[in-house]
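# A closer look at the structure
Residues per chain, in single letters:
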Amino acid sequence: MKEGFAIFPGSFDPPTYGHLNIVERASRIFKHVDVLVSTNSQKKSLFSTQERYQLMEKYCAPYANVNVISWRGLIVEYAREHDIRVIIRGLRPLSDFAYEFELAALNYQINNNVETLFIPTATKYSVLRSSSLKEMAALGVGLDAMAPAEVIDMLHEKLAAQK
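To start, this report covers the structure provided alongside it. (Residues numbered from 1 in each chain as written. Predicted model: local features only at pLDDT ≥ 70, side-chain atom pairs only at ≥ 80, totals over all residues. Heavy atoms only, no water.)

## Let's talk about the side chain of histidine 19
Mapping histidine 19 onto the fold places it in helix H1 (residues 17–29). A polar atom in the side chain of histidine 19 sits 2.9 Å from the backbone nitrogen of threonine 16. Contacts of histidine 19, omitting those with residues within four sequence positions, involve Phe8, Phe12, Pro14 and Ser130. (Helix = DSSP H or I, 4+ residues; strand = E, 2+ residues; numbered from the N terminus. Polar contact = N/O pair within 3.5 Å; in protein donor to acceptor, adjacent residues only side chain to side chain. Contact = heavy atoms within 4.5 Å.)

## Brief notes about the environment of glutamate 51
By the element assignment, glutamate 51 lies in helix H2 (residues 49–60). Classification of glutamate 51 by relative accessible area gives partly exposed; the value is 21%. As for glutamate 51 and methionine 154, which are separated by 103 residues in sequence, their C-alpha atoms are 9.6 Å apart. In this structure glutamate 51 touches Met154 and Lys158, once residues within four positions along its chain are discounted. One polar contact links glutamate 51 to lysine 158, side chain to side chain, over a distance of 3.0 Å. (Buried < 20%, exposed > 50% of the residue type's maximum accessible area, 1.4 Å probe, protein only.)

## Comments concerning a nonpolar patch on the surface
On the surface, Leu74, Leu106 and Ile110 cluster together to form a nonpolar patch covering roughly 250 Å² of accessible area. Relative to the assigned elements, isoleucine 110 resides in helix H4 (residues 94–110). Residue classification places isoleucine 110 among the partly exposed positions, given a relative accessible area of 35%. (Patch = residues over 30% accessible without salt bridge, like charges linked within 9 Å, V, L, I, M, F, W, Y side chains within 5 Å. Areas by Shrake-Rupley, 256 points an atom, 1.4 Å probe, with all protein chains shown as cover. Salt bridge = Lys/Arg side-chain N within 4 Å of Asp/Glu carboxyl O.)

## Describing the pattern of salt bridges
In the structure shown here, the tally under the stated rule is six salt bridges. The closest approach of N and O atoms between lysine 134 and aspartate 13, which form a salt bridge, is 3.0 Å. Residue lysine 134 is found in helix H5 (residues 130–138), and its partner aspartate 13 is found in the loop between strand E1 (5–10) and H1; the two are separated by 121 residues along the sequence. For aspartate 13, a relative accessible area of 4% translates into the label buried.

Just distances and angles here, no functional claims.
Here it is as C-alpha coordinates:
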(Lines give C-alpha, C1' and ligand atoms only; values in the text may rest on other atoms or scores of the structure.)
Protein backbone atom coordinates (compact mmCIF):
# COMPACT_ATOMS: atom_id res chain seq x y z
CA MET A 1 0.00 0.00 0.00
CA LYS A 2 1.25 3.47 -0.87
CA GLU A 3 0.88 5.49 2.32
CA GLY A 4 -0.28 9.06 1.80
CA PHE A 5 -1.42 8.50 -1.80
CA ALA A 6 -4.91 9.28 -3.10
CA ILE A 7 -6.91 9.45 -6.32
CA PHE A 8 -9.20 12.33 -7.29
CA PRO A 9 -11.25 11.11 -10.29
CA GLY A 10 -13.60 13.09 -12.47
CA SER A 11 -14.65 13.82 -15.99
CA PHE A 12 -13.68 17.50 -15.58
CA ASP A 13 -15.86 18.46 -18.57
CA PRO A 14 -14.85 21.26 -18.26
CA PRO A 15 -12.66 21.87 -15.21
CA THR A 16 -14.10 24.39 -12.76
CA TYR A 17 -12.76 26.32 -9.80
CA GLY A 18 -14.64 23.78 -7.65
CA HIS A 19 -12.49 20.96 -9.04
CA LEU A 20 -9.33 22.99 -8.59
CA ASN A 21 -10.31 23.82 -5.02
CA ILE A 22 -10.52 20.11 -4.20
CA VAL A 23 -7.15 19.46 -5.89
CA GLU A 24 -5.48 22.23 -3.89
CA ARG A 25 -6.93 21.02 -0.59
CA ALA A 26 -6.16 17.35 -1.29
CA SER A 27 -2.57 18.29 -2.15
CA ARG A 28 -2.20 19.65 1.39
CA ILE A 29 -3.61 16.48 2.99
CA PHE A 30 -1.87 13.76 0.97
CA LYS A 31 1.75 13.11 0.08
CA HIS A 32 0.69 12.40 -3.51
CA VAL A 33 -2.56 12.84 -5.47
CA ASP A 34 -3.34 11.29 -8.84
CA VAL A 35 -6.01 13.33 -10.62
CA LEU A 36 -7.72 10.87 -12.96
CA VAL A 37 -9.34 12.43 -16.00
CA SER A 38 -11.81 9.68 -16.72
CA THR A 39 -13.77 8.77 -19.80
CA ASN A 40 -17.33 7.84 -18.93
CA SER A 41 -19.12 6.05 -21.75
CA GLN A 42 -22.45 7.06 -20.15
CA LYS A 43 -21.70 10.77 -20.57
CA LYS A 44 -21.41 12.77 -23.78
CA SER A 45 -18.42 15.04 -23.19
CA LEU A 46 -18.14 18.46 -24.77
CA PHE A 47 -14.35 18.53 -24.33
CA SER A 48 -12.21 15.67 -25.64
CA THR A 49 -10.32 13.51 -23.16
CA GLN A 50 -7.09 15.07 -24.42
CA GLU A 51 -8.39 18.62 -23.89
CA ARG A 52 -9.60 17.83 -20.37
CA TYR A 53 -6.29 16.15 -19.59
CA GLN A 54 -4.26 19.11 -20.87
CA LEU A 55 -6.36 21.62 -18.94
CA MET A 56 -6.12 19.67 -15.70
CA GLU A 57 -2.39 19.15 -16.21
CA LYS A 58 -1.94 22.91 -16.63
CA TYR A 59 -4.03 23.83 -13.57
CA CYS A 60 -2.47 21.14 -11.37
CA ALA A 61 1.10 22.13 -12.32
CA PRO A 62 1.55 24.39 -9.25
CA TYR A 63 1.22 21.34 -6.99
CA ALA A 64 4.43 19.28 -7.06
CA ASN A 65 2.70 16.31 -5.45
CA VAL A 66 -0.17 16.14 -7.97
CA ASN A 67 0.00 14.03 -11.11
CA VAL A 68 -2.66 14.06 -13.85
CA ILE A 69 -3.54 10.78 -15.53
CA SER A 70 -5.96 10.02 -18.35
CA TRP A 71 -7.89 6.87 -17.41
CA ARG A 72 -10.44 4.73 -19.18
CA GLY A 73 -11.81 2.13 -16.82
CA LEU A 74 -12.99 1.63 -13.28
CA ILE A 75 -11.40 3.92 -10.72
CA VAL A 76 -11.11 1.02 -8.25
CA GLU A 77 -9.10 -0.90 -10.85
CA TYR A 78 -6.66 2.02 -11.09
CA ALA A 79 -6.46 1.97 -7.30
CA ARG A 80 -5.79 -1.78 -7.29
CA GLU A 81 -3.15 -1.57 -10.04
CA HIS A 82 -1.32 1.26 -8.27
CA ASP A 83 -1.90 0.05 -4.70
CA ILE A 84 -3.72 3.25 -3.71
CA ARG A 85 -6.34 3.01 -0.99
CA VAL A 86 -8.06 6.41 -0.95
CA ILE A 87 -10.47 7.90 -3.48
CA ILE A 88 -11.28 11.57 -2.98
CA ARG A 89 -14.72 12.82 -3.95
CA GLY A 90 -15.79 16.45 -3.75
CA LEU A 91 -19.23 17.06 -2.29
CA ARG A 92 -21.54 19.92 -3.05
CA PRO A 93 -24.88 20.26 -1.21
CA LEU A 94 -26.65 17.34 0.41
CA SER A 95 -28.21 16.35 -2.91
CA ASP A 96 -24.79 15.03 -4.01
CA PHE A 97 -24.38 12.85 -0.97
CA ALA A 98 -26.84 10.09 -1.94
CA TYR A 99 -25.16 9.54 -5.31
CA GLU A 100 -21.64 9.76 -3.89
CA PHE A 101 -22.51 7.45 -1.00
CA GLU A 102 -23.86 4.80 -3.39
CA LEU A 103 -20.78 5.14 -5.58
CA ALA A 104 -18.50 4.79 -2.54
CA ALA A 105 -20.38 1.67 -1.40
CA LEU A 106 -20.19 0.14 -4.88
CA ASN A 107 -16.46 0.90 -5.14
CA TYR A 108 -15.94 -0.72 -1.74
CA GLN A 109 -17.81 -3.84 -2.86
CA ILE A 110 -15.56 -4.10 -5.92
CA ASN A 111 -12.36 -3.40 -3.98
CA ASN A 112 -12.67 -3.42 -0.19
CA ASN A 113 -9.13 -2.09 0.17
CA VAL A 114 -10.30 1.31 -1.10
CA GLU A 115 -11.92 3.94 1.07
CA THR A 116 -13.68 7.05 -0.18
CA LEU A 117 -12.93 10.37 1.48
CA PHE A 118 -15.47 13.14 0.93
CA ILE A 119 -14.17 16.71 0.86
CA PRO A 120 -16.91 19.35 0.93
CA THR A 121 -16.47 21.92 -1.80
CA ALA A 122 -15.71 25.44 -0.62
CA THR A 123 -18.98 27.29 -0.03
CA LYS A 124 -18.47 29.71 -2.92
CA TYR A 125 -18.32 26.74 -5.33
CA SER A 126 -21.06 24.67 -3.68
CA VAL A 127 -23.57 25.03 -6.53
CA LEU A 128 -21.05 24.86 -9.34
CA ARG A 129 -21.36 21.91 -11.74
CA SER A 130 -19.66 21.43 -15.09
CA SER A 131 -23.09 20.81 -16.64
CA SER A 132 -24.41 24.09 -15.22
CA LEU A 133 -21.34 25.90 -16.51
CA LYS A 134 -22.13 24.66 -20.03
CA GLU A 135 -25.78 25.72 -19.71
CA MET A 136 -24.89 29.19 -18.41
CA ALA A 137 -22.29 29.67 -21.14
CA ALA A 138 -24.93 28.84 -23.76
CA LEU A 139 -27.18 31.50 -22.20
CA GLY A 140 -24.42 34.12 -22.17
CA VAL A 141 -24.09 34.30 -18.38
CA GLY A 142 -20.74 35.60 -17.06
CA LEU A 143 -18.56 32.74 -15.84
CA ASP A 144 -15.44 34.49 -14.54
CA ALA A 145 -15.99 33.34 -10.94
CA MET A 146 -16.57 29.74 -11.98
CA ALA A 147 -13.66 28.65 -14.18
CA PRO A 148 -10.33 29.88 -15.54
CA ALA A 149 -10.52 32.26 -18.54
CA GLU A 150 -8.98 29.68 -20.90
CA VAL A 151 -11.70 27.16 -20.01
CA ILE A 152 -14.41 29.77 -20.54
CA ASP A 153 -12.97 30.76 -23.94
CA MET A 154 -12.77 27.12 -25.05
CA LEU A 155 -16.31 26.53 -23.81
CA HIS A 156 -17.66 29.44 -25.85
CA GLU A 157 -15.76 28.24 -28.94
CA LYS A 158 -17.15 24.71 -28.61
CA LEU A 159 -20.71 25.93 -28.10
CA ALA A 160 -20.43 28.28 -31.09
CA ALA A 161 -19.16 25.42 -33.25
CA GLN A 162 -22.24 23.36 -32.34
CA LYS A 163 -24.64 25.99 -33.70
